[in-house]
There are 2 protein chains.
Amino acid sequence: MTEVSALQTERYRYEPKVPAILRQDVGMIAVKKAGETGGAGNQRELQRRFPHIYGAPAALFKRGENPPAKKRYNVGVVLSGGPAPGGHNVIAGLLDSLKQGNPRSKLYGFLNGPAGLINCAYREITPKILQPYRNTGGFDIIGSGRDKVETPDQFRAAAETAAKLDLDAVVIVGGDDSNTNAAVLAEHFASSGAKTRFIGVPKTIDGDLKNEFIETSFGFDSATKVYSQLVGNIARDACSSRKYWHFIKVMGRSASHIALECALQTQANICLISEEVEARGLTLAQITEDISRAVAARAEGGENFGVVIIPEGLVEFIPEIKKLIGELNGQMAKKADEFNALRSFQDKRAWLGANLSEESMGAFNTLPEGIAAEFLIDRDPHGNVQVSRIETERLLATLVEQRVAVLKKEGKFHGNFASYTHFFGYEGRCGAPSNFDADYCYALGKTAFMLLASGLNGYLASVRNLTAPPSKWTAGGVPLTSLMHIETRKGEPKPVIKKALVDLKGPVFRALAAKREEWALKTSYLFPGSPQYFGPAGVSDRATKTLVLESLGAKKK
Amino acid sequence: MTEVSALQTERYRYEPKVPAILRQDVGMIAVKKAGETGGAGNQRELQRRFPHIYGAPAALFKRGENPPAKKRYNVGVVLSGGPAPGGHNVIAGLLDSLKQGNPRSKLYGFLNGPAGLINCAYREITPKILQPYRNTGGFDIIGSGRDKVETPDQFRAAAETAAKLDLDAVVIVGGDDSNTNAAVLAEHFASSGAKTRFIGVPKTIDGDLKNEFIETSFGFDSATKVYSQLVGNIARDACSSRKYWHFIKVMGRSASHIALECALQTQANICLISEEVEARGLTLAQITEDISRAVAARAEGGENFGVVIIPEGLVEFIPEIKKLIGELNGQMAKKADEFNALRSFQDKRAWLGANLSEESMGAFNTLPEGIAAEFLIDRDPHGNVQVSRIETERLLATLVEQRVAVLKKEGKFHGNFASYTHFFGYEGRCGAPSNFDADYCYALGKTAFMLLASGLNGYLASVRNLTAPPSKWTAGGVPLTSLMHIETRKGEPKPVIKKALVDLKGPVFRALAAKREEWALKTSYLFPGSPQYFGPAGVSDRATKTLVLESLGAKKK
């Protein structure tokens, strides 16, 4: 990295704003234990599976002596799963605290995710190596990956790596699955008497890793700022050109927090929320009808344009399509050779007619041919439908086009309808972290160090009070098991971190619900513009609507 | 617009930086004539067609008395064609100067493009109405449109509007076609003895409206900043996740300036330039081969990822595809009923086999089926192939995927290849104007007023020396005819503004050519980040690489 952009050069100079408690010397930050914790469900089973780490108390940092923080440590760090803006600052906070504690301490970055821990592929991260990554986006300092440490061989290999590098701790930066794995590793190492402790850091742009101790996962703020910028720009184009409906899919496979946040930031006409679709058991036809009615109603006022926000995972929350996908996966796996021998789409459709339930075949037949083909062609290595490759935005645009054509014939639609589709995902995952995420991640990294240096194991770094200025943030940790419950995965009960889906009774969804009829009919767009790093704090440091509303909601309780 | 975003609130407060000469009272800005001008070609024919406006001198503003600038004027303004960031500031500069000259002067904004002039649909723009649009993106204050004033009826209607509103002048904000129309209107009104004068303002994000007097069209700076932000974010994702090649199409139907600028700002691995493809007569197979070789070479170093930038209009510059499109348009129009009766893709393909030349049929057969279908299905109201709807990014990704599979079998490719495709267009057209475009557009608006108030007709506003700070910019105008030449359109010779395509011998293309082999093989990405409005001028006010390199090139001459 010899040449860098003008913005990057400036961002290197940015000094993250640090919570007052973390500005102390690491030897003067002590853990205060704040009551024992349980799990998010199935407590007894969790206790049975995680005897060494379950039920530990939440930790809060206070000023006080902490001599172990000055010891020499060997620490590993893993970036796991999809990138999120701010990952590099987690490493920066971790490294700075580690070196402040003891300059001879070492930080090893495992390459390309947990695979690096298994294969003992690493790079020592020194302050010099880190420097060009401070306050930058991406996970490219060491890469990321989606492996898990799960099999006995993998556990053995990870243990060998830990022994070889004499690791005191490993910090795992990841989402719900990766932090579940961190808990499993913490328990496994503890049960085998190994000294290596595991600390998690809550990362995911999807925003679905949170509970009372984790107000937001890092990356959500930056990513939604980019997506909202783009949705706002497109909304401005829509009301300037006045002739297109834009169907915009945004990331969020399980939870619709991103879509919801973008809707609140831009006041787009329509925003679908997967959780609501599932709760209300909406069919594809009903969703199409709702959008089509808005199209027709807006056309009455001469507004033949609009913006629809769609969460990436929507199709899996539409009961009939979820069932269809389940049956497709089952049948295509069971009779793989038979299915794979079929060449034309017509032959495949005929085969499905004989192998799917009537209901699922009916659902399949409602799909436009191009989209239906995507269900069959793009399958993952296990033969499953690749939901993330299904163009839901095009599916809905096509169905609405067909429906408004019918309404036109019936004299119920007097306007024009033309559409464009967009998918925003990769554009936001690796943007430069916002000031909020730069600050938050740096604090999370420092917090992770304090947790491991305080001898804690199986904790998730927790920095709270995030709507206040960073100086007033609190820092501490919470046992990973307190976020877990038991889910059935592939027919087996499995302890996993519970995903925080959009709460249909929560303040964020209610903010949308209160305004969406108005926004659907009346053009009320807001244009958030591009993420700003300088200038008035109201612009450069503003928090997400989700965080603000949830924080207000929590205070009311 | 009662509720606005935090950034918008701040941008309302932004005061565009104004060239020294335009900071004078309008009554103290005089036109200095700077030599007669010709056309860009076919001078005699242009002179014949534009006797009233051809050959007028270029105008440069200098300090001096200009009493007519204090008169009361009625002025119309039209936003024409695709939106570009800064259009609202052109209106702001125009209105502020008009009202400074005489508070009783009036500005009429014609609604939805030239159609508003024809239909006398307008909105008076007062300072109060304008206020919430200052320094904002979009064209939504009055909307835009793609109509032209061309037929005798339309000329008559426009004349009636001008008479009814007693218009002294109309300012047309548009690209090459719209400014061609401005020239036609200027000549038409002058020849009929009407007082209404026409002044053009150079707008297009595509950057293809420029010559020695027009250093850049407005909007190019802002739009390429957004596109480069997104390409950079995706590049950072590519080198973090290390498993995808991203094929990114950016706007630019005729010229590849946007693609070229994004490539220089991000140092993407590969950037195709339509003008070069045409000049070298490259086939689709050759382009595929070039990309596939880079994929294979990067895989040797373990880099199974990359970024390819593709200009929107590429397919029309590949000689074989251009010929195919021409034949398709011809045959589908000639035998429309016959073709439209065909239902299945197979039937259509068979029909084409009997109706296209062997060469074009060969080209058609190289297309993956999904893309080939797009050539046939999405046709415009005249039955023509809709080039902008062809997914060139997917076409190339698919062809490369097929080609590297062959290379793998031949033992010439040892990596993995997976791809994602993106198209960035609407995301950038309506972003908030960068500081540069906010300043430039405001100056263009003030300049347009000075031109019309100085009695000039058929001029394009010209603000120059743009790589210097705004205080040192010069302002004036240049006859629209000096940008024009004769082209054959639909078999007829027609005077039009000559598009400024990428100059393959110019400094901008050469900057790419000098580095592209290195960038293809070695990951050298730059991450420009999101457009900034505050903070260090090196970040918030930086000029495009295109402008800087062309300006350096011009100075060397």
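Chains are numbered independently. Their residues run from 1 in the order of the written sequence. Chains and ligands are labelled sequentially in the order written, the chains with letters from A and the ligands with numbers from 1. Local features in a predicted model are, by the rule used here, given only for residues with pLDDT of at least 70; side-chain atom pairs are given and counted only at 80 or more, and totals for whole chains, interfaces and linings are based on all residues. Only hydrogens and water are set aside; all other atoms, that is, all heavy atoms of the structure, feed into the side-chain values.

### Comments concerning the overall build of chain A
Secondary structure elements are taken from DSSP: a helix is a run of H or I of four residues or more, a strand is a run of E of two residues or more, and numbering for both begins at the N terminus. For chain A, the count of helices and strands is 22 helices and 15 strands. Radius of gyration: over C-alpha atoms. The globule rule applied is 2.2 Å multiplied by the number of residues raised to the 0.38 power. At 25 Å, chain A has a C-alpha radius of gyration in line with the 24 Å of a compact globule built from 557 residues. Considering only C-alpha atoms, chain A reaches an extent of 80 × 60 × 50 Å along its principal axes. Across the 557 residues that make up chain A, the buried fraction comes to 62%. By the convention used here, residues are in contact when the closest approach between their heavy atoms is within 4.5 Å. In chain A, the proportion of contacts linking residues at least 24 apart, taken out of those at least 6 apart, comes to 79%. When the accessible surface of chain A is totalled, it reaches about 20,500 Å², and 50% of it is carbon and sulfur. Positive and negative charge centroids in chain A, built from 70 and 60 side chains respectively, lie 5 Å apart. To sort residues, take the accessible area from a 1.4 Å probe on protein chains only and compare it with the maximum for the residue type: under 20% means buried, over 50% means exposed, and anything in between is partly exposed. The Shrake-Rupley method, run with a 1.4 Å probe sphere, supplies the accessible areas, and residue values consider only the shown protein chains as cover. Charge assignment: positive for Lys and Arg, negative for Asp and Glu; neither His nor the chain ends contribute. Lysine's charge is taken at NZ, arginine's at CZ, aspartate's at CG and glutamate's at CD.

### Considering the interface of chain A and chain B
On the side of chain B, 62 residues touch chain A, which itself brings 62 residues to the contact. Accessible-area loss on putting two parts together, using a 1.4 Å probe and summing over both, is the definition of buried area adopted here. Interface area for chain A against chain B, summed over the two sides, is near 4,800 Å², with a carbon-plus-sulfur share of 51%. We define a salt bridge as a contact between a side-chain nitrogen of Lys or Arg and a carboxyl oxygen of Asp or Glu at a distance within 4 Å. Applying the counting rule to chain A against chain B returns six salt bridges. For B:R236, the salt bridge identified is with A:D140, shortest N-O distance 2.9 Å. Whenever a nitrogen or oxygen atom comes within 3.5 Å of another N or O atom, the pair is scored as a polar contact, on the condition that within protein one atom can donate a hydrogen and the other can accept it, and that pairs from neighbouring residues in sequence are kept only if both atoms are in side chains. At the surface where chain A touches chain B, the tally comes to 33 residue pairs in polar contact (both at pLDDT 80 or more). When residues of the side of chain A that touches chain B are traced back to their parent elements, those giving at least two are α1 (6-12), α8 (220-241), β11 (419-424), α18 (426-429) and α21 (537-540) of chain A. Here the element with the most residues in the side of chain A that touches chain B is α8(A); it accounts for 10 residues. All amino acids are sorted into three groups, where Ala, Val, Leu, Ile, Met, Phe, Trp, Tyr, Cys and Pro are nonpolar, Asp, Glu, Lys and Arg are charged, and the leftover types, Gly among them, are polar. Of the residues in the side of chain A that touches chain B, the class split is 24 nonpolar, 24 polar and 14 charged.

### Overview of the nonpolar core
Side-chain atoms within 4.5 Å are what join buried Ala, Val, Leu, Ile, Met, Phe, Trp, Tyr and Cys residues into a set we call a nonpolar core. Counting 180 residues, the largest nonpolar core has A:V171, A:F218, A:F449, B:V171, B:F218 and B:F449 as the members making the most contacts within it. Residues in contact with A:V171, not counting those within four places in the same chain, are A:V75, A:G76, A:V77, A:V78, A:L94, A:I199, A:V201, A:A448 and A:L452.

### A short note on the state of the cysteines
All names here are of chain A. Counting rule for disulfides: a pair of cysteine sulfur atoms within 2.5 Å. Within this structure, the stated rule accounts for zero disulfides over all chains. C271 carries a free sulfur, and the closest cysteine sulfur to it, the one in C262, is 8.0 Å from it. The exposure class of C271 is buried, given its relative accessible area of 8%.

### Some thoughts on the relation of the copies chain A and chain B
Copies are brought into register by a least-squares superposition over C-alpha atoms of residues with pLDDT of at least 70 in both. For the match of chain A to chain B, the screw axis carries a shift of 0.0 Å, the RMSD comes to 0.1 Å, and the turn is 180°. The transformation just described matches what one would write down for a two-fold rotation axis. Comparing interface residues between copies, 100% of those in chain A also lie at the interface in chain B; the contact surface is shared.

### With respect to the pattern of salt bridges
Tallying each qualifying case throughout the model produces 70 salt bridges over all chains. Here B:E550 ties to B:K210 by a salt bridge, and the two come within 3.0 Å at their closest N and O atoms. Highlighted residues: B:E550 in helix α22 (residues 545-556) and B:K210 in the loop between β7 (197-202) and α8 (220-241), separated in sequence by 340 residues. B:E550 sits in the partly exposed class, given a relative accessible area of 26%. Each of A:E391, A:R394, B:E391 and B:R394 takes part in one network of salt bridges that share partners.

### Here's the deal with the sheet that holds strand β2 (residues 57-63) of chain B
Residues and elements named next belong to chain B. The rule for pairing is simple: two strands pair if DSSP sees at least two bridges between them. One open sheet accounts for nine strands, arranged β1-β2-β13-β12-β7-β6-β3-β4-β5; its pairing is mixed. Each edge of the open sheet is held by one strand with a lone partner, namely β1 (29-36) and β5 (122-124). Direction aside, neighbouring strands of the sheet carry axes that sit 25° apart on average. As judged from the six bridges shared by β1 and β2, these two strands associate in the antiparallel manner. Inter-axis angles, ranging from 0 to 180 degrees, are taken between N-to-C directions of lines fitted to C-alpha atoms, where helices are fitted over the stretch in contact.

### Structural notes on the sheet that holds β11(A)
Across a sheet, paired strands are connected by hydrogen bonds in the backbone, their directions being either parallel or antiparallel. Residue and element names in this part refer to chain A. One open sheet accounts for four strands, arranged β9-β10-β8-β11; its pairing is parallel. Every interior strand has two partners, whereas the edge strands, β9 (270-271) and β11, have only one. In this sheet, strand β10 (residues 306-311) lies alongside β9 in parallel orientation, the contact comprising two bridges. If you follow C271 over to β10, its bridge partner there is I309. Contacts between helix α9 (residues 257-266) and the sheet are confined to β8 (245-250), β9 and β10, with β10 contributing the most and set at about 155° to the helix.

### Digging into the domain arrangement of chain A
Residues and elements named next belong to chain A. The domain limits used here are those given by an automatic or database domain assignment. Taken domain by domain, chain A consists of domain 1 (19-218 + 433-497), domain 2 (220-312 + 391-430 + 503-530 + 537-557) and domain 3 (317-387). Each of domain 2 and domain 3 was reduced to a C-alpha centroid, and the two centroids are 29 Å apart. Contacts between the two partners involve 16 residues from domain 2, matched on the other side by 12 residues from domain 3. Across the domain 2 to domain 3 interface the summed buried area is about 1,200 Å²; carbon plus sulfur atoms make up 63%. Counting across the interface, domain 2 meets domain 3 through one salt bridge. A salt bridge links E278 to K322; the shortest N-O distance between them is 3.6 Å. On the surface where domain 2 and domain 3 come into contact, there are two residue pairs in polar contact (both at pLDDT 80 or more). Of the residues contributing to the side of domain 2 that touches domain 3, the split by class is six nonpolar, five polar and five charged.

### Quick look at the side chain of B:K446
Residue and element names in this part refer to chain B. Residue position: K446 is located in helix α19 (residues 435-453). It is D96 that comes nearest to the buried, bridge-free K446 among opposite-charge side chains, at 5.6 Å. One polar contact links K446 to S97, side chain to side chain, over a distance of 3.3 Å. Aside from chain neighbours lying at most four places away, what touches K446 is V18, L22, G93, L94, D96 and S97.

### Examining the packing of aromatic side chains
Each pair of aromatic rings taken from Phe, Tyr and Trp, with Trp reduced to its six-membered ring, is defined by centres within 6.5 Å and is described as stacked if the planes are under 30 degrees apart, edge-to-face if over 60, and tilted in the remaining cases. All chains considered together, the criterion is met by 26 aromatic pairs over all chains. Centre to centre, the rings of A:Y244 and B:Y426 are 6.1 Å apart; their planes meet at 70°, and the pair counts as edge-to-face. With A:Y244 in the loop between α8 and β8 and B:Y426 in helix α18 (residues 426-429), this pair bridges two chains. Exposure class is identical for A:Y244 and B:Y426. Each is buried. Pairing B:F436 with B:Y440 gives two aromatic rings, centres 5.5 Å apart and planes at 35°, and the pair type is tilted. Of this pair, B:F436 and B:Y440 both sit in helix α19, four residues apart, which is roughly one turn of that helix. Relative accessible area serves as the criterion here: at 6%, B:F436 is assigned to the buried category. Through successive ring pairs, a cluster of aromatic residues spans A:Y108, A:F110 and A:Y122. Sitting over a ring, as applied to charges here, requires NZ of Lys or CZ of Arg to be within 6 Å of the ring centre and within 35 degrees of the ring normal. Of note, A:R389 hangs over the ring of B:Y420, and the distance from its end group to the ring centre comes to 4.0 Å. Positioned above the aromatic ring of B:F305 is the side chain of B:R298, whose terminal nitrogen or guanidinium carbon lies 5.0 Å from the ring centre.

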